[in-house]
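So you can see what is in the structure, the chains are spelled out below.
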Amino acid sequence: MSVLFCLFSACAVCGALGVILVKNYFNSLMCMLLCTLGLACLMIYAGAAFAGILMIMIYAGAIMVLFMFVVMLVGDDNSNATLRCRIKLIAMWALMMLFALLLAPECDELKAAAAAAGAASEALSAKSCGMELFSRFLLPFQITGALLLAAMVGVIVVAQDKPRSRKYKRDMI
Amino acid sequence: MYSNNPILFAAADAAVPLWDGVLDVILMIVFSLIAIVVVMTFAGLSVVAERKVCAFMQGRYGPNRTAIPWIAAIPGVGTVLRSFGLMQLVADALKFLLKEDPLPNHVNKPWYLAAPAIALTPVLTVACLIPCGVIYADSGKIPMSVADVDLSLILALAIGSLGAYGAVIAGWSSNSKYPYFGGVRASAQMISYELTMGICALTVAIWVAPVTGKPFSLFAIADSQSGAMWLCITQPLTAFLFLVALFAETNRLPFDMAESETDLVSGFHTEYGSFKFGLFFVGEYGHVAVASALFATLFLGGWNPLPGLSWPADWGWVSSVLCVLTFLVKVAAMIFFFIWMRWSVPRFRYDQVMRLGWQCLVPLALANFVFYIILRAAM
């Protein structure tokens, strides 16, 4: 294991822990950003440069900024959530134990898989990503797109206030 | 892509002696520092240029009296330095350094202190990716960029997209009204215009892919324009849309939403003073310089003097020097264009910015993208 691998992994793990341990929404969001960047760097380091860069571009550069937008609009006061925090902590430890149990027997296989991924660095180039997406995974890809669109329309409908009367609209203008 | 990169794999691969890796790392750090110095110089000079061009357009002289006593006394040189306002630059920098550094009580201190650095870092990082020339060696063309990676175009866009955080964190951590509005506006605007920028970059990548085989490499894109038509001639609409998106991404007028001083005092950096404000200020002009360099690389032929012409390869190092000079001239011309637009076009209203971004630029960029795919397939 090299220094860089440890550094990026530490970023990802610390960020992920921070997301659930930190109380303030804004700091939690920043931890999520750290985690995303750490993961992206790990991907680039493992040879999947294209996927890593896309991760920075889409998650760190766009989706996290949107989250931040929401935090700024909603406010980051999370002081009366001690109970939920305790439940979250218990849930977190339980999940981590489960995950460790799940991974423990697979550890050697994971190492082998990581080595193989590093060796076959061409496997995740832009071209092969595109070929896979538009041939083998075409249907799931399109269905996911349609689902996301439906979710987005749904959010707009749910978040909309009840339709304003014509009189109110005139007042607005 | 990185399998041959000695820096990343020096520690992992026992066949490479460790010392080679260390030397490479030191060299890389030196190269990066040079890139940073160049960007900073450009940023400083564009501050002077902003004042002088603005003065010229308004029929004034601009700064022409600031003088450092002994240097101004040198005949010839001193007069030129003074009348071109170059010593004003020194005065500005000293002012930012020596002023009292206020730390308001109501701010979120760690993020408030970190925000200027977060705003400046992506700009300097992107600068390391841009190829500013070419060296003709026996083994072929060697790009003159600090980090020549195959995916440099999307890497530049990805790191550039992190630039929104500086403004947003500054706006949020200042904990007062106007910075908050500036931060919210900055985040919404940057996300909206990144989309147009990304689609335009893809259009370019699709167009050069059959020629170069490396669609996302900035060096390959610039190199595909040497001795050929520039991309701003073959793709005028793409170039225009990309330019508009660049104006929005750099927060320059007419997209000056994040710090529109007529309605938001000075937007996200209202609470900042002295050197921390100076970092935002330098970051903004550095952003302009890097955006100019990106535009010159993608659409203005990079280091080539004229469309269809390139500096001959058999001139050796002379050719390389001319390449770099050509590139710097193009960057300077683009910076001038940025400044020119600032003093010519009035600011948009915020809803106009959003409508322009989503209802006009994005559909236009998509249609343009599809058009060039069809054209490429037909050729």
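Look a little higher up for the structure.
Note that this is a predicted model, so its numbers are computed, not measured.

Visitor: How would you sum up the overall build of chain B? Please name residues and give values.
Guide: Across its full length, chain B holds 15 helices and two strands. Just so you have it, chain B exposes about 17,300 Å², and 72% of that area is on carbon and sulfur atoms.

Visitor: Please set out the interface of chain B and chain A residue by residue, giving values where relevant.
Guide: Each side of the interface is counted separately: chain B has 29 residues, and chain A has 28 residues. Taking both partners together, chain B and chain A bury about 2,500 Å²; carbon and sulfur atoms supply 80% of that area. Summed over the shared surface of chain B and chain A, the number is zero salt bridges. Where chain B packs against chain A, one counts two residue pairs in polar contact (both at pLDDT 80 or more). Listing elements by their share of the side of chain B that touches chain A, those giving two or more residues are α1 (6-9), α7 (152-161), α8 (164-173) and α9 (177-212) of chain B.

Visitor: Lay out the side chain of Gln88(B) in plain terms, naming residues and giving numbers.
Guide: Tracing the chain through its elements places Gln88(B) in helix α5 (residues 86-98). Among residues more than four places away in sequence, those in contact with Gln88(B) are Arg51(B), Pro63(B) and Thr66(B).

Visitor: Describe unusual backbone geometry, listing the residues and the values that go with them.
Guide: All names here are of chain B. Within the chain, Asn 175 stands out as a residue other than glycine whose phi angle is a positive 60 degrees. Within the element layout of this structure, Asn 175 appears in the loop between α8 and α9. With phi around 45 degrees, Ser 274 is a residue other than glycine that occupies positive phi space. Its location among the elements puts Ser 274 in helix α13 (residues 274-299).

Visitor: Can you explain the packing of aromatic side chains? Please cite residues and give values.
Guide: Residue and element names in this part refer to chain B. Applying the stated criterion to the full structure yields 26 aromatic pairs over all chains. Ring plane angle 25 degrees and centroid distance 6.2 Å describe the contact between Phe 336 and Trp 340, whose orientation is recorded as stacked. With Phe 336 and Trp 340 both in helix α14 (residues 317-342), this residue pair falls four residues apart, about one helical turn. Looking at Trp 340, the relative accessible area reads 40%, which means it is partly exposed. Here the aromatic residues Phe 247, Phe 336, Phe 337, Phe 338 and Trp 340 are joined through ring pairs into a cluster of three or more. For Lys 177, the ring lying beneath its charged end belongs to Tyr 178, and the centroid distance is 5.8 Å. Here the basic side chain of Arg 376 rests over the ring of Trp 207, its NZ or CZ set 4.6 Å away from the ring centre.

Visitor: Please provide a residue-by-residue account of the pattern of salt bridges, values included.
Guide: Residue and element names in this part refer to chain B. Going through the model one piece at a time under the given rule, you end up with eleven salt bridges over all chains. Between Asp 92 and Arg 51 there is a salt bridge; the shortest N-O distance is 3.7 Å. Of this pair, Asp 92 sits in helix α5 while Arg 51 is found in helix α2 (residues 18-57), placing the two residues 41 residues apart along the sequence. Owing to a relative accessible area of 13%, Asp 92 belongs among the buried residues under this scheme. For Asp 150, the salt bridge is made with Lys 214, and the minimal N-O distance between the two is 3.6 Å. Here the residue Asp 150 occupies a position in the loop between β2 (140-143) and α7, and Lys 214 occupies one in the loop between α9 and α10 (218-223), the gap between them amounting to 64 residues. Since its relative accessible area comes to 32%, Asp 150 is described here as partly exposed.

Cut-offs used in this document
- Residues numbered from 1 in each chain as written.
- Chains lettered and ligands numbered in written order.
- Predicted model: local features only at pLDDT ≥ 70, side-chain atom pairs only at ≥ 80, totals over all residues.
- Heavy atoms only, no water.
- Helix = DSSP H or I, 4+ residues; strand = E, 2+ residues; numbered from the N terminus.
- Areas by Shrake-Rupley, 256 points an atom, 1.4 Å probe, with all protein chains shown as cover.
- Contact = heavy atoms within 4.5 Å.
- Buried area = accessible area lost by both parts, 1.4 Å probe.
- Salt bridge = Lys/Arg side-chain N within 4 Å of Asp/Glu carboxyl O.
- Polar contact = N/O pair within 3.5 Å; in protein donor to acceptor, adjacent residues only side chain to side chain.
- Phe/Tyr/Trp six-rings, centres within 6.5 Å; stacked < 30°, edge-to-face > 60°.
- Buried < 20%, exposed > 50% of the residue type's maximum accessible area, 1.4 Å probe, protein only.
- Lys NZ or Arg CZ within 6 Å of the ring centre and 35° of its normal.

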